[in-house]
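Here is what each chain is made of, one letter per residue.
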Amino acid sequence: MDVNQLVCNNQSIKIVPSIEDSLTSMGLNVTLDENSEAWLTQLKITWKTWKRTPAVENYIESFFKSQSDPYRLALVFVIKCDDYKDCKPKSLPYLIVEILQKWSQSCSLFPEDYLKLPAFHIAIHQRNPTFMALTINTYQIVSIKDKILPIIKDMISNDNCKQASQIIIAMHLFEDISVESLLFPLVLQDKNNVIDEYLSQCPNQAKPMVLFIDKLLDKTVSIREFVQNYIEENKVSHVKYDKVHHKPLGKLVARLCNKFNIPIETCKNLSKNRTTGGLRFLIYQKYHEHNVSNSVWEDLVKDSLKQNAGSGQEFLDMLVDYDRNEALKWAAYLNMPENLLPLALREISLNDIPEEQNWDTNVVSTQEYYKFSLPEDHIYIIDTREKFCNVMMPDMVQASVASIDCEWKPSFGATQSHVALIQLATLNKVYLIDALILNKPEYSSCWSLFYKSFLDNAEIIKIGFGLEQDFKEMKATVVGLGNIKVQGEGLLDLSLLWKSLISNGLTIPGNSDNGNSLSSVVQSCFGLPLEKSEQCSNWELRPLRSTQIVYAALDAHVLVQIYDFLLNLCLDQHINFEEICNDVMLESKKKCSKKPKVIDRLQLSLPIMEERSSKAVKFVIEHGLSGLLPYLRYCGMDAIVFPPQMIWHDVINLAISENRFVLLSNLKYTPYVSYPQSYILELGKNSFYKQLRKVFHHFNVTIDQENLFSFCINCNSTSLTKLSIDKVVEICKEYVAVSAKPVYSVKYNDYDDDDVGYNDNFLSDSDGDDDLYQPDTYSKQPIKTKTGVPIVIDEPHKLLTSNQPAILCDACGKLFWNEDSLLKPVSEAVYNIKKVKLF
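Thresholds, definitions, all that
- Residues numbered from 1 in each chain as written.
- Predicted model: local features only at pLDDT ≥ 70, side-chain atom pairs only at ≥ 80, totals over all residues.
- Heavy atoms only, no water.
- Pairing = 2+ DSSP bridges.
- Helix = DSSP H or I, 4+ residues; strand = E, 2+ residues; numbered from the N terminus.
- Axes fitted to C-alpha atoms, helices over the stretch in contact; angles between N-to-C directions.
- Contact = heavy atoms within 4.5 Å.
- Buried < 20%, exposed > 50% of the residue type's maximum accessible area, 1.4 Å probe, protein only.
- Polar contact = N/O pair within 3.5 Å; in protein donor to acceptor, adjacent residues only side chain to side chain.
- Disulfide = S-S within 2.5 Å.
- Salt bridge = Lys/Arg side-chain N within 4 Å of Asp/Glu carboxyl O.
- 1 Å grid on protein atoms, 1.4 Å probe; cavity = no way out; pocket = protein on both sides within 12 Å on 5 of 7 lines; lining within 4 Å.
- Points joined across faces, edges and corners; volume = space filled by probe spheres on them.
- Nonpolar A, V, L, I, M, F, W, Y, C, P; charged D, E, K, R; others polar.
- pLDDT = per-residue confidence, 0-100.
- Parallel < 35°, antiparallel > 145°, perpendicular 65-115°, else oblique.

Looking at an unreviewed UniProt entry, the protein carries the name 3'-5' exonuclease domain-containing protein, with the source organism given as Arctia plantaginis.

Here it is in structure tokens:
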């Protein structure tokens, strides 16, 4: 063929050599002798029916034992298999190499060096990484890593980092390729799953990776400039630019640190940025929201600066815009040199700061808040084993209703905070469990008692607000509570109960607050909001301030008060409070409805087709759906299979030329405007029953009795003859007379036998068979159709005595009757869908 006819003028082309040519150039002989060729052909036939079985495995191993060059032959067999391009673990190429590996190890046989590079070439030119790893191991390719490393580096430079990482994992070349050069392009392409897979195989490479990215988080570094230079130098394509800035990179570093147990404090820039972000949040809360008391402000700023003193200068730069005197005070606390002060402060000498500075003063507010109603001596601090087991637990296990709440230090810095305080309350008592002290292995028996007797006791209603989040924090950070359930019977989230009661018609007297926060609910019920100035406290400081103790006690106690208030209100308004509570507790967490797949959205948007008779419908079907053929043909539709090697454009050209619709397992898009997308239907991997329904619905097909069995369900021929009962009896008698023993021949159809098990007697079931394959065997000349094809009858003796009509296909010789094993399941399925039947 003239290459010039394939391309336009001035168009470049790339001629890729075949796999055989490439291997030959590497010194591999890809030819097979006559015996090996015949053996491979027989293996492919056997594989279609038997797949991976001990008999097939022994068949392959026996062949290898008889050969002088099994390693070479295995490579040639692999590339000559139909499914070479995708050598999945259930494929024939995979089994060939796997058997070779097991057998060669058992007899200490090793591959010759000249085979290793061709084996590597075969491994990387198919799509399955598992097969690649198997081949690399079987052919001991790591012994030629000096030849493989340049290939891997070329892959990286050609933007094929994913396959490069798979090869490095398979050959354990972690120390030979820098983690930055391999993984950073994947970071730019947002391929986090590939990064995780690689680092999971070599976790010692995780720290160098996070430290490399952490360098980019330095605010003095221009990430965009660095990345742009990197992209140009390394020719990285498909870059996700929205992932190339501080926030997503910081999240990636934090996630990798958590996944691979790297102390996040080692990432200096991430720690500094997080601390600075936390301080920015505090400034906003104090000066915009006015929601932070001075005590909380002082505690958290000191704690943040203690964690990362390098954030001090940025903190002053932010604070000076809000409060110059406050900025001077913190500059003095940090002993900040005058040359590092913000410009607005340099004009003021630090010596001018007033000597009397009260760090504990609070701003007096005129806002009224809901107050803690119990005496303070009804608040019990639980910080010893004795108080836990002998004071708190006996009281709590007798309660019918109790509230639970948790407090932890805001995680402004890099370190993740743990639960510091757990509050339990009844109507007349509050217990504050000091988890900072008791959250240790020596107290695990206390927590076990707490779990079994209280948390897991469905007879005690545990009330919370945002309860699931509190329980998740306890589950993640408290010793002995790792198995607690976070929702279900006995766990009542007051926020959900509130919404449910309102939707069921509960009226709150004088309700003027429509918010859903706890403070809003308290105001709706009792007329005053909660004071939240201690909410962001440093709950890890000991001893706790009195304001913290009262705040924590009120947060838990008010939940019980709200529950009691709502109970009484429901009684007055004749609302079944108990039933609604049970519904809230037992209702499983509602799953977010999944968005429809792109395929479903596309096909749902296609126009509805006009109604058409089955005789007007023809299909070309993907070979993986060939099991659907008998059903379509039985309904009177012309249906054929396109071979797996046929390219997509040729499939559509065939469909256009023969006026056919296309059925696929996975959706593909039409390459031509002249062939509508609605003519292509994706059926997935559903049952034949569901697939058939989908075909009828999408193409709006009607099935008439007269069109049933217009095509042979075995071969798609229209050469069908309806036989009377007398003719059936005549044929059956002759068939039985000439058949001395069962027929072992194989009948190949135009669909893939791998998907349809309609040929029952492909292989002999006799224990005495020496060979897997039995040739055609007849004792006498078989009875034939008028076209000269031998007739095949399923259970002829049964048909002979049934007195039923039948249909004979003159093209393939198959005789169909009501109890035929091929016809029966097909006719029953169609009858269940369309209520039409052949006989």
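A. The arrangement of the sheet that holds strand β10 (residues 661–664) in detail. Strand order in this open sheet of four strands is β9-β8-β10-β11, and the pairing throughout is parallel. Of all the strands in the sheet, the pair left with one neighbour each is β9 (638–642) and β11 (680–682). For this sheet, the mean angle separating the axes of adjacent strands, direction not counted, is 25°. Of the strand pairs in this sheet, β10 and β11 are connected by three bridges, and their pairing is parallel. Along β11, the bridge assignment pairs L663 with L681. Across the sheet, helix α30 (residues 648–657) lies against β8 (618–622), β9, β10 and β11, angled at about 140° from β10, the strand it touches most. Lying on the sheet, helix α31 (residues 688–699) is in contact with β8, β10 and β11; it crosses β11 at an angle near 145°.

B. Geometry of the side chain of D434. Mapped onto the elements of the fold, D434 is located in strand β4 (residues 430–434). Classification of D434 as buried rests on a relative accessible area of 6%. Within the local environment of D434, its side chain forms a polar contact with the backbone nitrogen of L436, the two atoms lying 3.1 Å apart.

C. Summary view of the environment of D456. Among the structural elements, D456 can be located in the loop between α22 (444–455) and β5 (461–464). Separated by 28 residues in the primary sequence, D456 and I484 place their C-alpha atoms 7.5 Å from one another. Those residues within four positions of D456 in sequence are excluded, and the remaining contacts are Y451 and K485.

D. Broad picture of the side chain of S91. Counting through the fold element by element, S91 comes out in the loop between α4 (70–80) and α5 (92–106). Discounting chain neighbours no more than four positions away, the residues touching S91 are W47, D83 and D86.

E. Highlighting helix α11 (residues 192–201). Buried residues of α11: V194, I195, D196, Y198 and L199, and no others. Elements that come into contact with the buried residues of α11 comprise α9 (161–171), α10 (179–188), α12 (206–216) and α14 (246–259).

F. Here's a closer look at the state of the cysteines. Going through the model one piece at a time under the given rule, you end up with zero disulfides. Left unpaired, C809 is separated from the closest cysteine sulfur, that of C715, by 3.5 Å.

G. Just the pattern of salt bridges, in detail. Enumeration over the complete set of coordinates arrives at 27 salt bridges. Residues E326 and K329 are paired through a salt bridge, measuring 3.2 Å at the closest nitrogen-oxygen approach. Placement of both E326 and K329 in helix α18 (residues 324–334) is noted, with a separation of three residues, approximately one turn of the helix. Residue classification places E326 among the buried positions, given a relative accessible area of 10%. Taking relative accessible area as the criterion, K329 reaches 14% and is therefore assigned buried. E534 is the partner of R545 in a salt bridge, and the nearest nitrogen-oxygen pair spans 2.6 Å. Here R545 is found in the loop between α25 (518–526) and α26 (546–572), whereas its partner E534 is found in the loop between α25 and α26, with 11 residues between them in sequence. A single network of salt bridges, built from pairs that share partners, joins R52, E57 and E98.

H. Seen up close, the sheet that holds β5. Here we have six strands laid out as an open sheet, ordered β1-β4-β3-β2-β5-β6, and mixed in their pairing. A strand with exactly one partner marks an edge of an open sheet, and here the two such strands are β1 (379–382) and β6 (491–493). Strand-to-strand twist across the sheet, computed as the mean angle between neighbouring axes with direction ignored, equals 25°. As defined by bridge partners, β1 adjoins β4 across four bridges and the pair is classed as parallel. Directly across from Y380, in β4, lies its bridge partner Y431.

I. Structural view of empty space enclosed by the protein. All told, the structure shown has one cavity of 30 Å³ or more when counted by the stated rule. There is about 30 Å³ of room inside the largest cavity. Taken together, Y634, N818, L823, S827, K837, L838 and F839 make up the full set of residues lining the largest cavity. Residues of the lining of the largest cavity, tallied by class, amount to four nonpolar, two polar and one charged.

J. Structural detail: the pairing of β10. Every second residue of β10 is oriented toward a common face, with F661 and L663 on one face and V662 and L664 on the other, all of them buried. Sheet topology places β8 next to β10; three bridges connect them, and they run parallel. Directly across from V620, in β10, lies its bridge partner V662.

K. Seen up close, the confidence of the model for the protein. Confidence in the prediction for the protein averages 85 pLDDT; 88% of positions are at 70 or higher. Counting interchain partners and residues more than four positions distant, the pLDDT-below-50 stretch residues 588–596 has four contacts.

L. Molecular detail of the packing of α10 against α11. Where α10 meets α11, the closest approach of the two axes is 9 Å, and the angle between their N-to-C directions is 155°. The angle between α10 and α11 falls in the class roughly antiparallel. Between α10, through V179, L182, L183, L186 and V187, and α11, the contact on the second element is made entirely by V194, I195, Y198 and L199. Among the residues forming the contact of α10 with α11, the class breakdown is nine nonpolar, no polar and no charged.

M. Structural detail: unusual backbone geometry. With an omega of 0°, the peptide bond running from R542 to P543 counts as cis. With respect to the helices, strands and loops of the structure, P543 is situated in the loop between α25 and α26. Backbone geometry at D190 places phi at a positive 60°, although glycine is not the residue there. Relative to the helices and strands, D190 is located in the loop between α10 and α11. Backbone geometry places K235, a non-glycine residue, at a positive phi of 55°. Along the polypeptide, K235 turns up in the loop between α13 (223–234) and α14. Using a relative accessible area of 64% as the deciding quantity, one classes K235 as exposed.

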